[in-house]
Amino acid sequence: MKISKYIHSCLLLEKDGFQLLFDPGKFTFAEDLVKVEQFIKVNAVIITHSHPDHLDVEQLKAIVKLSGAKIYTNKEVAKELKESGLSYNLVEAGLFDIGPFALQAINVKHENILDSPLPDMQAYLIDGRVLNPADSFGTYDDEFQQPELLILPVMAPFTTEIAVAEFADHIKPKAVLPVHDGYAKEFFLKQRYETYSKHFEKRGIVFHQAMQPGFSISI
């Protein structure tokens, strides 16, 4: 499986010639560093929740028009997509397949944010190897512990470095891919990545410093 990060929480997973895209939101396209044309071969798109940094409806429309990708999401996002004329496949908690990917959707609570209702949101375990918690640092059962890769939100109004590190330390992944940092300037991002790298190295966890759009790893 190849996993590429396209700014903030937008991830492209590739396996056996199939492309699965997670959360192409507004931050991904804000500075024109990522183009919708880069997703012309995408087969499916998963939207974890309705926040604009995870869902850009207009860019999603463009991706679907170019690629013919199918959209998978929850009821709350589905309502917004329907109003915009986009079709979708409804996701509920449980096991299902998208192409060669075996997925487990988990209903999770978004971390608290100031003066704002919390959205319907799902985390995902992918092929039993990759845990994408979306914007949740909730409690995960033993079956979700020690994944090969943890997709880890490292910056957000709803968290601190201490909370980020404690969550990852509890999950005990073999490696971490940082996300949710698309609004940070490069010099600050580099500094924070170095801090996280030192912390996780002490625990035998690899921290991938995903600085550039399209940064990828294979597992």
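Residues numbered from 1 in each chain as written. Predicted model: local features only at pLDDT ≥ 70, side-chain atom pairs only at ≥ 80, totals over all residues. Heavy atoms only, no water.

**Here we look at the overall build of the protein chain**
And step 1. Broken down by element type, the protein chain carries five helices and 14 strands.
And step 2. Expected size for 219 residues packed as a compact globule is a radius of gyration near 17 Å; at 16 Å, the protein chain falls within 12% of this value.
And step 3. Overall, the C-alpha framework of the protein chain stretches about 50 × 45 × 35 Å when taken along its three principal axes.
And step 4. Residues classed as buried in the protein chain amount to 53% of the 219 residues present. (Helix = DSSP H or I, 4+ residues; strand = E, 2+ residues; numbered from the N terminus. Rg over C-alpha atoms; globule rule 2.2 N^0.38 Å. Buried < 20%, exposed > 50% of the residue type's maximum accessible area, 1.4 Å probe, protein only.)

**Some thoughts on helix α5 (residues 186–201)**
And step 1. Taking 1.5 Å of rise per residue, the 16 residues of α5 would be expected to cover 22 Å, and the 22 Å separating its terminal C-alpha atoms lies within 8% of that figure.
And step 2. When we look at burial in α5, the residues that qualify are Leu 189, Arg 192, Tyr 193, Tyr 196, Ser 197, His 199 and Phe 200. Down the axis, α5 shows its buried residues gathered within 165 degrees of arc, on one side only. Turned more than 90 degrees away from the buried face of α5, the exposed residues are Phe 187, Lys 198 and Glu 201.
And step 3. Looking at the buried residues of α5, the elements they touch are β1 (2–5), β11 (149–153), α4 (161–171), β12 (175–179) and β13 (206–207). (Expected span 1.5 Å × (residues − 1). Arc of directions from axis to C-beta. Contact = heavy atoms within 4.5 Å.)

**Observations concerning the UniProt feature "domain: Metallo-beta-lactamase" (unreviewed entry) in the protein chain**
And step 1. Within the UniProt annotation, "domain: Metallo-beta-lactamase" (unreviewed entry) is assigned to residues 7–180.
And step 2. Here residues 7–180 runs as 20% helix and 28% strand, with 8 Å between its end C-alpha atoms. (UniProt positions renumbered as here; feature names shortened; annotations may be inferred.)

**Description of the sheet that holds β13**
And step 1. The seven strands are arranged β7-β8-β9-β10-β11-β12-β13 in an open sheet whose pairing can be described as mixed. If you trace the sheet from one side to the other, it starts and ends with β7 (94–98) and β13, each paired once.
And step 2. Looking at chain direction, β12 and β13 are connected through two bridges and run parallel. In the sheet register, Val 176 faces β13, and the bridge partner there is Phe 207.
And step 3. Sitting on the sheet, α4 is in contact with β10 (130–132) and β11, with an inclination near 165 degrees to β11. (Pairing = 2+ DSSP bridges. Axes fitted to C-alpha atoms, helices over the stretch in contact; angles between N-to-C directions.)

**Focus on the pattern of salt bridges**
And step 1. What the rule picks out here adds up to eight salt bridges.
And step 2. Taking the shortest distance from any N to any O, the salt bridge between Lys 35 and Asp 32 comes out at 2.6 Å.
And step 3. By relative accessible area, which is 37% here, Lys 35 ends up partly exposed.
And step 4. The shortest N-O distance in the salt bridge between Lys 61 and Glu 58 comes to 3.8 Å. Of this pair, Lys 61 and Glu 58 are both found in helix α2 (residues 57–67), three residues apart, which corresponds to roughly one turn of the helix.
And step 5. What makes Lys 61 partly exposed here is its relative accessible area of 29%.
And step 6. On the accessibility criterion, Glu 58 (52% relative accessible area) is exposed. (Salt bridge = Lys/Arg side-chain N within 4 Å of Asp/Glu carboxyl O.)

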